[in-house]
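# Fold and geometry: a report
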Amino acid sequence: YDGIYLYSSSNNNITGNTVSNNRNLGIYLDSSSNNNITDNFASNNIHGIHLSSSGNNVVTDNVVNSNGQGIHLWSSSSNNVITGNTASNNIYCGISLYDSSNNVITGNFASDNGYNGIYLNSSNDNDITDNFASDNVWCGIILLSSSSNNNLTGNTVSNNGDGIGLSYSSNNDLTDNIVSNNDQGIYLVSSSDYNTIYNNYFNNTYNAYDGGNNIWNIAKTTGVNIIGGPYVGGNYWSDYEGKDLDDDKLGDTLIPYNCSGSIKNGGDYHPLIGPYTPPGTPVETATGTGTAYFATDEGTIAALVAINK
């Protein structure tokens, strides 16, 4: 019924298994903590890897393909680290969190899933960093149902139906993300307020929709921004047509940028303007956490994969 099932069990290593074609869950941890799930292959299960009421586990370098859900955290599964996994071609979502908080989701590949790449529902205080979410049918990354105080940083979200979506989710921070080639870059609906969104790169068919009250820039701050300019302020928008009058590489006209009125309240008062960093050039990130590669030609994935590895 389940491939590998742990109940109230700790300090185990689940490594190097192929777990496929089970009628229920591939690898299932229930009320289990301090386990390592590493280098497994899970396919054609209802859920590839499923954690329920389980904390302080490490799920790393697994390939979780062609399941119902890929990696699924459920029912107060908190303080887990989900890193370096590939979750692709799953029927619903690559990585999903329900009512699960204080997890670290970093360096994963979530692509070609039938619904969303990374999905949070009623999940708070999670770090969603340096992931690659591409070619998912609905959203690359989506936060629903009062998912608050999450940090989305350094993710590459491309070629999805929508890039990043928030619904009934407030007080999240979104910085240093590359959101490109999606139908809708980012949208915030249904009382999604007080989110802070700055130093992101938006180049999509429609860059933004915001029906709430959100913050689209910080005060002008010295530091290298996501496109190599000398100040951090707002976001880069592919369709911003204003001018930089004082050569600080921040827009001074047609502000606040409101995506042709699709940002209903306020907008970006410091939209970023070039120079653009040549492909393959290392730059400091705005948050000072390391280095990143940025390319101007949308062929960024290989360089970003290399640096994040």
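Below is a summary of the structure that appears in this document.

Parameters at a glance
Residues numbered from 1 in each chain as written. Predicted model: local features only at pLDDT ≥ 70, side-chain atom pairs only at ≥ 80, totals over all residues. Heavy atoms only, no water. Pairing = 2+ DSSP bridges. Helix = DSSP H or I, 4+ residues; strand = E, 2+ residues; numbered from the N terminus. Axes fitted to C-alpha atoms, helices over the stretch in contact; angles between N-to-C directions. Core = buried A, V, L, I, M, F, W, Y, C linked by side-chain atoms within 4.5 Å. Buried < 20%, exposed > 50% of the residue type's maximum accessible area, 1.4 Å probe, protein only. Contact = heavy atoms within 4.5 Å. Polar contact = N/O pair within 3.5 Å; in protein donor to acceptor, adjacent residues only side chain to side chain. Salt bridge = Lys/Arg side-chain N within 4 Å of Asp/Glu carboxyl O.

With parallel pairing, nine strands are arranged side by side in an open sheet as β2-β5-β8-β11-β14-β17-β20-β23-β26. Two strands in the sheet have a free side with no partner beyond their single neighbour: β2 (13-15) and β26 (196-198). Across this sheet, the average inter-strand angle for adjacent strands is 5°, counted without regard to direction. As defined by bridge partners, β2 adjoins strand β5 (residues 36-38) across three bridges and the pair is classed as parallel. Residue pairing for β5: Thr-15 is matched across the bridge by Thr-38.

Moving on: the nonpolar core. Judged by nonpolar contacts, the single largest core of 42 residues is most densely connected at Ile-141, Ile-164 and Ile-186. Those elements giving two or more residues to this core turn out to be β4 (25-30), β7 (47-52), β10 (69-74), β13 (93-98), β16 (116-121), β19 (139-144), β22 (162-167) and β25 (184-189). Once residues lying within four places of it in the same chain are set aside, the contact partners of Ile-186 are Ile-164, Leu-174, Ile-197, Phe-202, Asn-207, Ala-208, Tyr-209 and Trp-216. Counting seven residues, the second-largest nonpolar core is a separate cluster that includes Ile-178, Ile-226, Tyr-236 and Leu-272.

For the rest of this paragraph, the subject is the pairing of β7. Residues in a regular strand project their side chains so that they alternate between the two faces of the sheet. Counting buried residues in β7 gives six out of six residues, a clear majority hidden from the surface. In the sheet, β4 pairs with β7 via five bridges, with the strands oriented parallel. Paired with Ile-27 across the two strands is Ile-49, which belongs to β7. Across five bridges, the pairing between β7 and β10 is parallel. In the strand pairing of β10, Ser-52 is matched with Trp-74.

Another aspect to go through is the sheet that holds strand β18 (residues 132-134). Where strands meet in a sheet, backbone hydrogen bonds hold them as pairs that are either parallel or antiparallel. Spatially, β3-β6-β9-β12-β15-β18-β21-β24-β27-β31 is the arrangement adopted by the 10 strands of the open sheet, whose pairing is parallel. Edge strands, defined here as strands with exactly one partner in the open sheet, are β3 (18-20) and β31 (236-237).

Let's shift gears to the pairing of β19. Counted residue by residue, β19 has six buried out of six residues, so it is predominantly covered. Two strands pair when backbone bridges link them, and β16 and β19 are joined in this way by five bridges, in the parallel orientation. Across the sheet, residue Asn-121 finds its bridge partner in β19, namely Leu-144. Relative to β22, β19 runs parallel, the two sharing five bridges. By the bridge assignment for β22, Ile-142 is matched with Gly-165.

Quick look at the environment of Asn-116 now. Locating Asn-116 in the fold gives a position in strand β16. Sequence spacing of Asn-116 and Gly-140 is 24 residues, and the spatial spacing of their C-alpha atoms is 5.6 Å. In this structure Asn-116 touches Tyr-92, Cys-93, Gly-94, Asn-136, Trp-138, Cys-139 and Ile-142, once residues within four positions along its chain are discounted. There is a polar contact of 3.1 Å between the side chain of Asn-116 and the backbone nitrogen of Cys-139.

Let us look at the pattern of salt bridges. Taken as a whole and judged by the stated rule, the model has two salt bridges. Between Lys-220 and Asp-248 there is a salt bridge whose closest N-O contact spans 3.0 Å. Remark: Asp-248 occurs in the loop between β31 and β32 (281-284) and Lys-220 occurs in the loop between β28 (206-210) and β29 (221-222); sequence separation between them is 28 residues. The exposure class of Lys-220 is partly exposed, given its relative accessible area of 39%. We classify Asp-248 as buried; its relative accessible area is 8%. Among the salt bridges present, the one from Lys-249 reaches Asp-247, with a minimum N-O distance of 3.1 Å. A relative accessible area of 24% means that Lys-249 is categorised as partly exposed. You can call Asp-247 exposed: its relative accessible area is 55%.

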